[in-house]
Amino acid sequence: MDVRSLLLFSALLRVLLIIYGEWQDAHMEVRYTDVDYLVFSDAASLVASGKSPYQRSTYRYSPLLAFLLVPNSIIHPSWGKFLFSASDLLVGLFIHTILELRKVPENLCACALMVWLFNPFTFSIGTRGNCEPIVCAMILWIIICLMNGKVLQAAFWYGLVVHFRIYPIIYSIPIILVLDPHCFRYGLKPALSSWVGQGNSTQSIPSTAVPDSCGIWIALTSMFTRARILFGLISGAVFFAFTGLFFYLYRWEFLHEALLYHLTRTDPRHNFSIYFYHIYLHYEHEFSVVERLISFLPQFLVQLVLIICFAQDLPFCFFAQTVAFVAFNKVITAQYFVWFFCLLPLILPWSNMKLKWTGLSCILLWMGTQTHWLTWGYLLEFKGKNVFLELWIASILFLAANTFVLIKIIRYHTYSPLFQRLEFSSSDNDLREGKKSI
Amino acid sequence: MPPSTVSYHMESWQHVQVHICRILGIQLIFLVGFGFCMSSSFVSCEVGRCTSNVGSTNQSLNIPPYFEKYITKSYFDKYDSLLDSDFLDFISHELFPGSCELLLDNLNLVLRLSVQQRSLIGDGSHRHLSSSFRFNIQSELIAELPIHFCEAIIIEKLPYGIFADPFELQHLLQRGVFMDAAVFGDTNLELPSVHSNRSLVEVHMDVDLNTFSRHKDGLEINIDLPLHIRYPPLEESGYSSIELGAPDLFMRCSIEAKSHNQSCLLMLKDNGVALGNGPVVWRVPSGIKAHARAVSIVTFISAILSTLSIVLTSVYYSSTKLCKNLKQS
């Protein structure tokens, strides 16, 4: 099945699901549409009538999302679902583009694409009205821009996506590191390392190799390259520009609901995180600074080590970081899984993991521990049974499953830096690779 | 496919992608500008008050409470939180300053209330409070009163730990389940009991006294109110019991006067008829304080073990791959 047919079939599936969702909402007690979609729609209708979207309680997103959904009030309430599903398909297109640029064979591209397009979790999330596909599309577009040497574009979209969702801030250091002067020259298209078959790594030596003591000063000063400085400045400027604009419009409500809430969020209600019961049991007193730091330390350490080890293999680094970020977060909801599902197809062609039986065991373990958690969650929330302890143990098992799966993926991954080292002539002006990019 | 064809297709595709990017960028700028224009005239409003007034548009500060669309709105204009004693004072001194004494006396003769049934339907954290109220009507007197229109107003003062979702109520309004409904007080849907305040639900139901006066059994009003539970404070037993008190019932009638129609508010008290099935109690699972220490220790040990596993695996396999690369080069 070629890519065009896959995308067409996926588009049809999503349209049918959206139509079915409208029917279910009108005729059944349990709605198909996500509660969050109602929040976005209410906020959008407030914006359409000239009011602040933050008058809608639990709206904790950038006003941009409400602006995007204004046609919900003008054209049709399902406009947002079509927009999110279109972003979902765009993610598929971008996955194919990235794999094609790295010369992955067409059959592997198609398989990897199907992992995204036909993942039940993926196609339900956009059609139910969740906005995560937009974020995923932006992140993949940033990777494409970097692969094409378009640093300014990548910086713009990166600043925008961090404003929109905050969590992509974890990708800042790997992006800066991958703009290695040995691989990336501003204004020129970098040489991409191609897929060379599973089990064989590329020839280039990772640029994160430790320099000798005499070259440390040189290494430090060479870190500040034009590409890196421009990326940092432009993305920072875009982030602060959007943040400043919406602060001007909506004041502290915007700052608190869209930004500060996410940075300080501790939710005592049950969720997949191992911390939920600990937070609930200690909610009556404020957490001390030491307690907050201790709970942040695992997250910080894992992110740091993953960046140091895998930054040059950018898609893999993004994937591993996202899995770890979600697993160690204080609050985990099912929509966060999309953040790494969109990156999974980018690393599959470089994985030596066989579906039988390692792959299957990872899938079954991850889904099994999730189902186990959901069972206890159902008993607590819908049957009123006191199963807090069992639910918390289920969340620990889910963390163990996430850790196991991540370890297996690291173990079977063929490390492949995104960019090849550039070769320079003695004049340093005559590059042998690539052509000028915008 | 020959490399030149591949590179041609790739270049064309890259041009298309640049075009898509430009279109998306222009649309983004347009949307931001559009949103800026729309927002330049937005009404500044406190979130708590605005979201608690589903469908309310009454901005006047000088209208007596019994004339306002929602009679309890002015309570929260004056008080920060819901206290039973303050609410009783509010009912006595602000809801009934007296302008319809004659009508109210007559209505008291005409209507007799008996609360028939009240129960919580469902299990778990999301249930429905089902209430049924019966009014006995003296039909021969009702026709003599200059009543234009009546509505029953039911006020549920929710205890700590129980809340109603104003957006869910709005959905029910759109479906015509209630004539009007609003939530006042603490409408934060996410906080546990410990950090939240009480709230109050005001529901309006249409009542046609003339139609119901022809029925021998009188007037019956049934209300099914969806309610949700907050995480309760910790308990040794693992369960917390929350009792729902009786509602306050009012009848507001619009009467025909010479120059204009006038609203009269009547508070309906039960005849001392006991509730068919006793007080309504909601039993909620709660965290057990004795678990606190063990849960904290095991949580952090689990986090540390997971961290160490990932860190060691990453360092080991990235060094192995680095050595392999160096050997190959």
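Here the structure is a predicted model, which means the values were calculated and not measured.

**Considering the overall build of chain B**
Logical step 1: Secondary structure summary: chain B contains nine helices and 11 strands in total.
Logical step 2: Burial status across chain B gives 49% buried among its 329 residues.
Logical step 3: With the model as given, the accessible surface of chain B reaches about 16,800 Å², and the carbon-plus-sulfur share is 57%.

**Brief notes about the overall build of chain A**
Logical step 1: Scanning chain A for helices and strands turns up 19 helices and zero strands.
Logical step 2: Going through the 438 residues of chain A one by one, you find that 58% of them count as buried.
Logical step 3: Put simply, 75% of the contacts in chain A that link residues at least 6 apart link residues at least 24 apart.

**Some points on the packing of helix α14 (residues 289–310) of chain A against helix α15 (residues 314–328) of chain A**
Residues and elements named next belong to chain A.
Logical step 1: One can describe the packing of α14 onto α15 by two numbers: an axis separation of 10 Å at closest approach and a directional angle of 170 degrees. The orientation of α14 with respect to α15, classified from their angle, is roughly antiparallel. For the pair α14 and α15, contact is made by Pro298, Gln299, Val302, Gln303, Leu306, Ile307 and Phe310 and by Leu314, Phe316, Cys317, Ala320, Gln321, Ala324, Phe325 and Phe328, respectively.
Logical step 2: Counted by class, the contact of α14 with α15 contains 12 nonpolar, three polar and no charged residues.

**Points about the UniProt feature "transmembrane region" (unreviewed entry) in chain A**
Logical step 1: UniProt's entry tags residues 155–179, 229–250, 300–319, 331–351 and 391–410 of chain A with the feature "transmembrane region" (unreviewed entry), counted in the numbering of this structure.
Logical step 2: Along residues 331–351 of chain A the backbone is 38% helical and 0% strand, and the end-to-end C-alpha distance reaches 30 Å.

**Comments concerning helix α6 (residues 106–117) of chain A**
Note on helix geometry: an α-helix contains 3.6 residues per turn, so any two residues three or four positions apart are oriented the same way.
Residue and element names in this part refer to chain A.
Logical step 1: With 12 residues, α6 extends 16 Å from end C-alpha to end C-alpha; this agrees with the ideal 16 Å at 1.5 Å per step.
Logical step 2: All of the buried residues along α6 are Cys109, Ala110, Ala112, Leu113, Trp116 and Leu117. Across the axial projection of α6, the buried residues extend over an arc of 165 degrees, all falling on one side.

**Focus on the packing of aromatic side chains**
Logical step 1: The full count for this structure, using the stated rule, is 48 aromatic pairs over all chains.
Logical step 2: Between Phe341 of chain A and Trp366 of chain A, the aromatic rings sit 5.7 Å apart at their centres with planes inclined by 80 degrees, giving edge-to-face as the arrangement. Separated by 25 residues along the polypeptide, Phe341 of chain A in helix α16 (residues 338–341) and Trp366 of chain A in helix α18 (residues 355–383) bring together distant segments of the chain.
Logical step 3: Of note, Arg251 of chain A hangs over the ring of Phe247 of chain A, and the distance from its end group to the ring centre comes to 5.8 Å.
Logical step 4: Directly above the ring of Tyr239 of chain B sits Arg283 of chain B, whose terminal nitrogen or CZ lies 3.9 Å from the centroid.

**Describing the packing of helix α5 (residues 79–101) of chain A against helix α7 (residues 120–127) of chain A**
When two helices pack together, their arrangement is given by the angle between the helix axes and the distance between those axes.
All names here are of chain A.
Logical step 1: Their axes nearest at 7 Å, the elements α5 and α7 cross at an angle of 145 degrees. Note on element contacts: α7 touches α5 through Thr122, Phe123, Gly126 and Thr127, opposite Lys81, Phe84, Ser85 and Asp88.
Logical step 2: Here the residues of the contact of α5 with α7 sort into two nonpolar, four polar and two charged.

**What about a nonpolar patch on the surface?**
Logical step 1: Taken together, the side chains of Phe296, Leu297, Phe300, Leu304 and Ile308 of chain A make up a nonpolar region of the molecular surface, amounting to roughly 480 Å² of accessible area.
Logical step 2: Relative to the helices and strands, Phe300 of chain A is located in helix α14.

**Considering the environment of Ile410 of chain A**
Residues and elements named next belong to chain A.
Logical step 1: Of note, Ile410 is situated in helix α19 (residues 388–412).
Logical step 2: The buried category is assigned to Ile410, whose relative accessible area is 0%.
Logical step 3: Residues Ile410 and Phe310 lie 100 residues apart in sequence; the distance between their C-alpha atoms is 9.8 Å.

**What to know about the state of the cysteines**
Residue and element names in this part refer to chain A.
Logical step 1: Here the structure, examined in full by the defined rule, presents zero disulfides over all chains.
Logical step 2: Not part of a disulfide, Cys136 finds its nearest cysteine sulfur in Cys342, a span of 3.5 Å.
Logical step 3: According to the relative accessible area criterion, Cys136 is buried, its value standing at 0%.

So, how was this worked out
- Residues numbered from 1 in each chain as written.
- Chains lettered and ligands numbered in written order.
- Predicted model: local features only at pLDDT ≥ 70, side-chain atom pairs only at ≥ 80, totals over all residues.
- Heavy atoms only, no water.
- Helix = DSSP H or I, 4+ residues; strand = E, 2+ residues; numbered from the N terminus.
- Buried < 20%, exposed > 50% of the residue type's maximum accessible area, 1.4 Å probe, protein only.
- Areas by Shrake-Rupley, 256 points an atom, 1.4 Å probe, with all protein chains shown as cover.
- Contact = heavy atoms within 4.5 Å.
- Axes fitted to C-alpha atoms, helices over the stretch in contact; angles between N-to-C directions.
- Parallel < 35°, antiparallel > 145°, perpendicular 65-115°, else oblique.
- Nonpolar A, V, L, I, M, F, W, Y, C, P; charged D, E, K, R; others polar.
- UniProt positions renumbered as here; feature names shortened; annotations may be inferred.
- Expected span 1.5 Å × (residues − 1).
- Arc of directions from axis to C-beta.
- Phe/Tyr/Trp six-rings, centres within 6.5 Å; stacked < 30°, edge-to-face > 60°.
- Lys NZ or Arg CZ within 6 Å of the ring centre and 35° of its normal.
- Patch = residues over 30% accessible without salt bridge, like charges linked within 9 Å, V, L, I, M, F, W, Y side chains within 5 Å.
- Salt bridge = Lys/Arg side-chain N within 4 Å of Asp/Glu carboxyl O.
- Disulfide = S-S within 2.5 Å.

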